[in-house]
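Examining the three-dimensional arrangement
Listed below, chain by chain, are the residues.
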Amino acid sequence: MLAGAGELPEELSLAPLQYCEIETWVSFALTCKRFSRWFENRIFWISALKSTRHQRPIACPFHHDLSKCSLEELQDIGHRTMRLERNWSLPQPKLVGPVRSIPLERRYLDAIFQVPGTQLYLMHSRTEERLYCIDASKKDGKESSRLIAGPMLGAPKILDVSPGQDDDGMYSMGLLLGNLDQVATAIVIASLEYGLGEGKDEVKLSYRFQHSLEFGPGYWAIFMTREIVGVMVNPARAPEDRLEILAYNIASGDQTVIQTDIAVPRGQDVRSGTSIYDDDLFFLVESAGDSRLHRCPRSLLPTDDKLDHVNIRQFKGADDRHCVRTLWGSQGGVVESYTEGALSADPYYGVPAVSIHRHVLQIDDDEMAVEDESAREPMRSRMEVRFWTSSKEEPTNKGNVTTGDGTFQIELEDSASDEKPTLIPHSSSYVRGIVQETATIGGAAAGAWVLMLIPPSGRMAAMILDVGGELAPSPILSLVRFNKESKECTTHTLELPDVISMSDVYGLTIDDNCGQISLLDTHGSMHIVSYA
């Protein structure tokens, strides 16, 4: 006779759950009285949370040592993780708890990053040209924003940032620094070490890599791994010049210039960015009609496993054999399309790149009767988010793929296989509106960044959208989520408190570990909104 699940040894009963998320663990434990005792077992919660952390962020820092947590702490992390998933799955996720409105000691700071799962923020002051670390956790039960590290010399502008590097007790990010004329001047890696000292409450802010850039060429699309940091380069020696990749070995400082045959992206509506996946460097160029994804193999990069870092390398075939082109078909009712951004994420959760696009629809005047002409553009506009994942999980032959409101064709040729995967896009349905312009002070933009971003996981995109019209006079906070397993995208409008004037917001961060969105406004406050 076969044994029932309740008669098996516990280790065998738990074995099928090792690749499941926490909701499945909890559902299984509720199937019988014997299993329900697991809720009072630390090993059950540690195993469930570790299994979940391999597939999505959980409500604590990525390297948090779960084995040192008490049963109550583990249960709290588990319940908050599940509550966030339930809430963010709703069409209109609800606020959980009061909004924390925190006055900042310095005004008009730009948020560079929030350490996931913590209340630590790296901020940049354009006026002071300094970097600061702010701790927004409560102090003695009171709201505060304490400057706990810095100031550290920065630059007038931060032109671009890499995805963050999350290590145990340290969070780092590559920064492309620039002057007031938007000319890049240096590459640095800013590192924030936390949990230091006897009380585990000390923080250290430092540069662990710095390198000045030669004046003249154009630099953008910074990338970083634990071994290398670099940027794309337009040598600017002639209109027909091809792109170069400038990469440094972080440990030695050795430089490698990779000369390619990739044409310099041109046009006002073209956006480009870099991503790392399977240790290869990908360069995504997005335009209205097509996407080009170029793949530079790790073998050309100055990684630690090479004894000699060659100063100049040639990379031919980058524009054909190592390029995947996606042709975007015409979509009904769309009269114009624009690329808003090509963003990069940590590849751990399998979504290393996200691109955001705006489409303008043809709408008859009688369908859009508004008195305010300025409301017409946001009412006609629709946003689309594309999440790029590995071709290992998809067919590698040419073909048409249906996506949301249209079709696209991927030309893989021999540029992708199981041995050398590429990235392919998955599109969201349209989201009404246009990305809101950052709030202004005295006619100048108060913030340095466009009001759209992705968290380190790359599994979602947040946008502050102006939807126009009398029915929605205030901007909304829209969230587009991607399920890597089902390849489905869902759109959500987040509930926001009336106390926040979204028209005054100039910056934001998103932490999908703890389910918090932080909004910076022109009145000198940071509003932390929780959905878990």
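Up top is the structure these notes are about.
In short, a report on the structure. None of these values were measured; they are calculated from a predicted model.

So, helix α4 (residues 42-53)
When the terminal C-alpha atoms of α4 are compared, their 16 Å separation across twelve residues agrees well with the 16 Å that a helix rising 1.5 Å per residue should span. Within α4, nine of the twelve residues are buried, leaving the element largely enclosed by the surrounding structure. Taken as a whole, α4 has its buried residues at F44, W45, I46, S47, A48, L49, S51, T52 and R53. Taking the backbone nitrogen of I43 as reference, a side-chain oxygen 2.7 Å away marks N41 as the first, capping residue of α4.

Digging into the pattern of salt bridges
For the structure shown, the criterion picks out 17 salt bridges. The salt bridge involving D290 is made with R325; its shortest N-O contact spans 2.8 Å. With D290 in strand β17 (residues 290-296) and R325 in strand β19 (residues 323-328), the pair connects residues that are 35 residues apart, well separated along the chain. Where salt bridges share partners, they join E21, E23, R56, E85 and R481 into one cluster.

Regarding the packing of helix α2 (residues 22-29) against α4
Contact pair α2 / α4: the axes reach a minimum separation of 8 Å and the direction vectors enclose 145 degrees. For the pair α2 and α4, contact is made by I22, W25, V26 and A29 and by F44, W45, S47, A48, L49, S51 and T52, respectively. Of the residues that constitute the contact of α2 with α4, the class distribution is eight nonpolar, three polar and no charged.

A closer look at the layout of surface pockets
Space inside the second largest pocket adds up to approximately 740 Å³. In this structure, the second largest pocket is lined by 37 residues; those nearest its centre are Q165, R226, D346, P347 and Y348. Looking at the lining of the second largest pocket, the elements with two or more residues in it are β7 (165-167), β11 (218-224) and β15 (271-277). When residues in the lining of the second largest pocket are grouped by element, the largest group, four residues, is from β15. When grouped by side-chain class, the residues that make up the lining of the second largest pocket number 18 nonpolar, ten polar and nine charged.

Some words on unusual backbone geometry
As a rule of thumb, non-glycine residues mostly have phi less than zero, and peptide bonds are mostly trans rather than cis. Unusually for a residue other than glycine, E129 sits at a positive phi of about 55 degrees. On the secondary structure map, E129 appears in the loop between β3 (120-125) and β4 (130-135). Exposure remark for E129: the relative accessible area of 30% places this residue in the partly exposed category.

Topic: the sheet that holds strand β18 (residues 312-315)
Read from one edge of the open sheet, five strands run β11-β12-β13-β14-β18, paired in mixed fashion. Strands at the two margins of the open sheet, each flanked by one partner only, are β11 and β18. Taking the axes of each pair of neighbouring strands and ignoring which way they run, one obtains an average angle of 25 degrees across the sheet. With six bridges connecting them, strand β12 (residues 228-234) and strand β13 (residues 242-249) associate as antiparallel partners. Considered in β13, the bridge of M232 is made with I245.

Cut-offs applied
Residues numbered from 1 in each chain as written. Predicted model: local features only at pLDDT ≥ 70, side-chain atom pairs only at ≥ 80, totals over all residues. Heavy atoms only, no water. Helix = DSSP H or I, 4+ residues; strand = E, 2+ residues; numbered from the N terminus. Expected span 1.5 Å × (residues − 1). Buried < 20%, exposed > 50% of the residue type's maximum accessible area, 1.4 Å probe, protein only. Polar contact = N/O pair within 3.5 Å; in protein donor to acceptor, adjacent residues only side chain to side chain. Salt bridge = Lys/Arg side-chain N within 4 Å of Asp/Glu carboxyl O. Axes fitted to C-alpha atoms, helices over the stretch in contact; angles between N-to-C directions. Contact = heavy atoms within 4.5 Å. Nonpolar A, V, L, I, M, F, W, Y, C, P; charged D, E, K, R; others polar. 1 Å grid on protein atoms, 1.4 Å probe; cavity = no way out; pocket = protein on both sides within 12 Å on 5 of 7 lines; lining within 4 Å. Points joined across faces, edges and corners; volume = space filled by probe spheres on them. Pairing = 2+ DSSP bridges.

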